[in-house]
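Architecture and fold: a report
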Amino acid sequence: QVQLVESGGGSVQAGGSLTLSCAASGLTFSSYTMGWFRQAPGKEREFVAAIHRNDERTSYLDSVRGRFTISRDNAEHTVFLQMSSLKPEDTAVYYCAAPRPFLWGTRVTSDYKYWGQGTQVTVSS
């Protein structure tokens, strides 16, 4: 079955950096857009970033553009989220996700079929 396993979360001070990783198995990785979402306490889960399956197109939430970078290694079945200039409002559980194969361009949570278990990111002021 499909498994998405995130790692790399932690606690940092404002202005710091973290890199999240998501290792995928059980799917033809290069056929899937990969996305990152986050959910803060008491808030809806929101789209953060996505990367096309093979042409490096990316999409970002406006509030993270220029601070976060999504990338992928199709040979290693891994997607990354490099986060810099972190702010307290970035505090959330971060989830890796994949929609159905070959789908690109959606930021809608319900379009994403596969989800990881999440990793906590805490940014203190």
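This is a predicted model, so every value here is computed, not measured.

**Overview of the environment of leucine 81**
Note on placement: leucine 81 falls in strand S8 (residues 78-83). Linking leucine 81 and glycine 35, residues 46 residues apart in sequence, is a C-alpha distance of 9.4 Å. Sequence-distant contacts of leucine 81, that is, excluding residues within four places in its chain, are made with Leu18, Thr19, Leu20, Trp36, Val48, Ala49, Phe68, Thr69, Ile70 and Tyr94.

**Structural notes on the packing of aromatic side chains**
With the rule as written, the count across this model stands at six aromatic pairs. For the pair tyrosine 32 and tyrosine 114, a centre-to-centre distance of 6.3 Å together with 65 degrees between the ring planes defines the contact as edge-to-face. Linking tyrosine 32 in the loop between strand S3 (18-25) and strand S4 (34-39) with tyrosine 114 in strand S10 (residues 112-115), this pair joins segments that are 82 residues apart in sequence. Note on tyrosine 32: relative accessible area 9%, which makes it buried. Pairing tyrosine 112 with tryptophan 115 gives two aromatic rings, centres 6.3 Å apart and planes at 55 degrees, and the pair type is tilted. By way of ring pairs, the aromatic residues Phe37, Phe47, Tyr95, Tyr112 and Trp115 are connected into one cluster. Directly above the aromatic system of tryptophan 115 lies the positively charged group of arginine 45, at a separation of 4.8 Å from the ring centroid. Geometry around phenylalanine 29 places arginine 72 over its ring, the cationic atom sitting 4.4 Å from the centre.

Definitions and limits used
- Residues numbered from 1 in each chain as written.
- Predicted model: local features only at pLDDT ≥ 70, side-chain atom pairs only at ≥ 80, totals over all residues.
- Heavy atoms only, no water.
- Helix = DSSP H or I, 4+ residues; strand = E, 2+ residues; numbered from the N terminus.
- Contact = heavy atoms within 4.5 Å.
- Phe/Tyr/Trp six-rings, centres within 6.5 Å; stacked < 30°, edge-to-face > 60°.
- Buried < 20%, exposed > 50% of the residue type's maximum accessible area, 1.4 Å probe, protein only.
- Lys NZ or Arg CZ within 6 Å of the ring centre and 35° of its normal.

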